[in-house]
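# Coordinate inspection notes
As a plain string of letters, each chain reads:
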Amino acid sequence: MSESRNYIILNGSCIPENHAKIPARTSGLYYGAGCFETFIADQGGIFKFDEHIDRLNRGLKYLGVPDSEIIDKKTVLQQIKILLTENDLLGKRSRIRIQASLADKGGYSKSNDSSLTVIISSHVAEKNTEPKKLIVSETNVVPSSARPSSLKLSNMLHYRQAFREASMNGADDAVMQTVDEFVAETSIANIFWMKNGQIFTPSISCDILPGIMRNSIIEIIKNKMKLKVNEGMFVIGKLTQADFAWLTNSVMEVVPVSTIAENSFQPNPDFLLDLQRNLEAYKKENMQYV
């Protein structure tokens, strides 16, 4: 399917992507005033759909959007089905993004009656489980006191900059640290590692986005695999000296790390296979279909 034949949902209407028009003078465009969610629809099934929409709505409330414009789950699910059908993706693995941006004009609006522009897009998403090469970014995560890290807000330039650093250095992604130099996350994922049989991951005190997949992996490891997960504040040396590391997000799910800077990691195929097997079973228990 050519890009010109790709469809999107714009404010509830399914239209060709190249026909979409939005107002130029909006807070969404001027200030990045918006929020979004990205997830996979696999054969029409969406993992923890309700949690994604709940987080999106928390972002909208943070931005001052009135209750009358909060995203309705049932309506969005129906729109996603229409979109996947039009793009011939209903029986495939596809990446869905819901972007909600403020459509009010002027400066920093104080009102709570901002209207929204909502765009839903879909594209084929091939699953890539190749180990990732990481660098340590010079860009820090933004403290939660300045920007709620638990929300997927549109203004994510710090993540973009870290990813650009990785690309310019021939890496796939970049490890980011807090302003106090504790390991936080990468530009697109949460990170876990294993050392001497123990599992570690940064806690929410590290200004991370506590991803839906991250939280699911912690639940699986604790309740299904009966292992302890140490959530805490760790310096970069604790990560680079690990035996094994992996990344998680809702699109890649679980992907091992091959290197961080000059540090290489030994593969742990038995643990990874067990984790992925448990994840597949857990996904079936938490799947919603369009």
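So, here is what we can say about the structure in this document. Please read all numbers here as calculations on a predicted model, not as lab measurements. In this convention, every chain numbers its residues from 1, walking through the sequence in written order. Local features are withheld for residues below a pLDDT of 70 in this predicted model, meaning they are given only at 70 or higher, and side-chain atom pairs are given and counted only at 80 or more; totals for whole chains, interfaces and linings count all residues. Calculation of side-chain values draws on the structure's entire complement of heavy atoms; hydrogens and water are dropped beforehand.

## A look at helix H7 (residues 269-285)
Helix length check: H7 (17 residues) gives 24 Å between terminal C-alpha atoms against 24 Å at 1.5 Å per residue, within 8%. For H7, the full list of buried residues reads Phe271, Leu272, Leu275, Asn278, Leu279, Tyr282 and Lys283. Burial along H7 is one-sided: seen end-on, the buried residues are contained in an arc of 140 degrees. Exposed side chains of H7 directed beyond 90 degrees from the buried face belong to Pro269, Asp270, Leu273 and Lys284. Labels follow the DSSP assignment, with helices taken as runs of H or I lasting at least four residues and strands as runs of E lasting at least two, numbered in each case from the N terminus. Here a helix's expected span is defined as the number of its residues, less one, multiplied by 1.5 Å. Partly exposed residues are those whose accessible area sits between 20% and 50% of the maximum for their type, while under 20% is buried and over 50% is exposed, using a 1.4 Å probe and protein chains only. Within this analysis, the arc is defined by the directions that extend from the helix axis to the C-beta atoms.

## With respect to helix H3 (residues 73-86)
The first and last C-alpha atoms of H3 sit 20 Å apart over 14 residues, in line with the 20 Å expected at 1.5 Å per residue. Looking only at H3, the buried set comprises Val76, Leu77, Gln79, Ile80, Leu83 and Leu84. An end-on view of H3 places all buried positions within 160 degrees of arc, on one side of the element. Asp88 occupies a position one or two residues after H3 and carries a positive phi of about 55 degrees.

## Observations concerning the layout of surface pockets
There is about 810 Å³ of room inside the largest pocket. Lining residues are those with an atom within 4 Å of a point, where the points come from a 1 Å grid over the protein atoms alone and group into cavities, where a 1.4 Å probe fits but cannot get out, or pockets, open sets with protein on both sides within 12 Å along at least five of seven lines. Contributing to the lining of the largest pocket are 36 residues, with Phe36, Lys152, Met156, Ser187 and Ile188 lying nearest its centre. Within the residue set of the lining of the largest pocket, elements represented by two or more residues are strand S3 (34-42), helix H2 (49-62), strand S5 (93-102), helix H4 (157-168), strand S9 (183-186), helix H5 (212-224) and strand S13 (244-249). Counting residues per element, the lining of the largest pocket draws most heavily on H4, at four residues. In this classification, the charged set is Asp, Glu, Lys and Arg, the nonpolar set is Ala, Val, Leu, Ile, Met, Phe, Trp, Tyr, Cys and Pro, and all remaining amino acids, among them Gly, are polar. Tallied by class, residues from the lining of the largest pocket come to 14 nonpolar, 12 polar and 10 charged. Grid points are joined across faces, edges and corners, and a volume is the space filled by probe spheres set on the points.

## Focus: the pairing of strand S6 (residues 116-124)
Here two bridges tie strand S1 (residues 7-10) to S6, and the two strands are oriented antiparallel to one another. Looking at S6, one finds that Ile9 is bridged to Ile120. Pairing between two strands requires that DSSP report at least two bridges joining them. The sheet contact formed by S5 and S6 spans nine bridges and is antiparallel. Across the sheet, Gln99 pairs through a bridge with Ile119, a residue of S6.

These results come straight from atomic positions and should not be treated as a statement about function.
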